[in-house]
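# Reading the structure
Here is what each chain is made of, one letter per residue.
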Amino acid sequence: MTNSPYRAVLAHVGARISAAAQPHWFPERFYVIRGNDMNAFSAPGGYVFVNEGLLRGVDNVDELANVLGHETAHLVLGHVTARNKQAERRNLISNIGHWFVNQTQKGQNAVGAADLASKYTFLGFTRDQEYAADREGALL
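The following refers to the structure shown.

About the cut-offs
- Residues numbered from 1 in each chain as written.
- Predicted model: local features only at pLDDT ≥ 70, side-chain atom pairs only at ≥ 80, totals over all residues.
- Heavy atoms only, no water.
- Helix = DSSP H or I, 4+ residues; strand = E, 2+ residues; numbered from the N terminus.
- Buried < 20%, exposed > 50% of the residue type's maximum accessible area, 1.4 Å probe, protein only.
- Contact = heavy atoms within 4.5 Å.
- Phe/Tyr/Trp six-rings, centres within 6.5 Å; stacked < 30°, edge-to-face > 60°.
- Core = buried A, V, L, I, M, F, W, Y, C linked by side-chain atoms within 4.5 Å.
- Axes fitted to C-alpha atoms, helices over the stretch in contact; angles between N-to-C directions.
- Parallel < 35°, antiparallel > 145°, perpendicular 65-115°, else oblique.
- Left-handed = near helix turned anticlockwise from the far one by under 90°.
- Nonpolar A, V, L, I, M, F, W, Y, C, P; charged D, E, K, R; others polar.
- Pairing = 2+ DSSP bridges.
- Expected span 1.5 Å × (residues − 1).
- Arc of directions from axis to C-beta.

## Structural notes on the side chain of Thr 72
Mapped onto the fold, Thr 72 is located in helix H3 (residues 61-76). On the basis of relative accessibility, which here comes to 0%, the residue Thr 72 falls in the buried class. Among all residues touching Thr 72, those that are not within four sequence positions of it are Ile 17, Ala 21, Glu 28, Phe 30 and Leu 140.

## Notes on the packing of aromatic side chains
Applying the stated criterion across every chain yields a total of 5 aromatic pairs. Taking 6.2 Å as the distance between ring centres and 15 degrees as the angle between the ring planes, the aromatic pair formed by Tyr 47 and Phe 49 counts as stacked. Tyr 47 sits in the partly exposed class, given a relative accessible area of 28%.

## A short note on the nonpolar core
By size, the foremost hydrophobic cluster in this structure holds 18 residues, and its most contacted members are Leu 10, Val 50, Leu 64 and Leu 68. Contributing elements (two or more residues each) for this core: helix H1 (7-20), strand S1 (29-33), strand S3 (47-51), helix H2 (52-57) and H3. When residues in this core are grouped by element, the largest group, 4 residues, is from H3. Residue contacts for Leu 68: discarding those within four places in its chain leaves Leu 10, Val 13, Gly 14, Ile 17, Phe 30, Val 48 and Val 50.

## Points about the packing of H3 against helix H6 (residues 127-139)
Contact geometry for H3 and H6: axes closest at 7 Å, N-to-C directions at 125 degrees. The angle between H3 and H6 falls in the class oblique. Between H3 and H6 lies a crossing whose hand is right-handed. Contacts between H3 and H6 involve Asn 66, Gly 69, His 70, Ala 73 and His 74 on the former and, on the latter, Gln 129, Glu 130, Ala 133, Asp 134, Glu 136, Gly 137 and Ala 138. Among the residues forming the contact of H3 with H6, the class breakdown is 3 nonpolar, 6 polar and 3 charged.

## Overview of the sheet that holds S3
Either a parallel or an antiparallel arrangement is found when strands of a sheet pair, and the pairing is made through backbone hydrogen bonds. One open sheet accounts for 3 strands, arranged S1-S3-S2; its pairing is mixed. Each of the sheet's edge strands pairs with one partner strand only, and the pair in question is S1 and strand S2 (40-43). When strand polarity is set aside, the average angle formed by the axes of neighbouring strands in this sheet is 20 degrees. Strand direction decides the pairing type here: S2 and S3, joined by 4 bridges, are antiparallel. If you follow Ala 40 over to S3, its bridge partner there is Val 50. Packing against the sheet, H1 makes contact with S1 and S3, and its axis sits at approximately 150 degrees to S1.

## Details of unusual backbone geometry
Cis rather than trans, the peptide bond between Gln 22 and Pro 23 has omega equal to 0 degrees. Structurally, Pro 23 can be placed in the loop between H1 and S1.

## Remarks on H1
Helix length check: H1, at 14 residues, gives a terminal C-alpha distance of 20 Å against a target of 20 Å (1.5 Å per residue), a fit within 8%. Taken residue by residue, H1 has Leu 10, Val 13, Gly 14, Ile 17 and Ser 18 as its buried positions. Down the axis, H1 shows its buried residues gathered within 140 degrees of arc, on one side only. Here the buried face of H1 lies against S1, S3, H2 and H3.

Pasting the structure below:
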């Protein structure tokens, strides 16, 4: 969102966190997402997305810096890249399964269930990755 009243503070605090995380190979960019969720997430290429609900809910810029530090840590520590590689492997395995499975209704149901299960398996970061992002984010 380019017209959010939170855009300026997000850019300012984000720039401070990104500078503290140097060196990194990507230009870090921070974006406001419309909505009431108290959530933030990072994406490949240095993108960090923060919901308006979270921006409204923090008490001060230090709390925002902690969240941005955590998301930046996921990027710097390679968690986002690792998650995407897992998703690529999952898609490859799923495609091979589709190719080999007998196209009966029973076979299609089995492949569909496996696809659904694999998507939920790889949605988030591991507990160890979350702890590492907490530690690194606090340092940033």
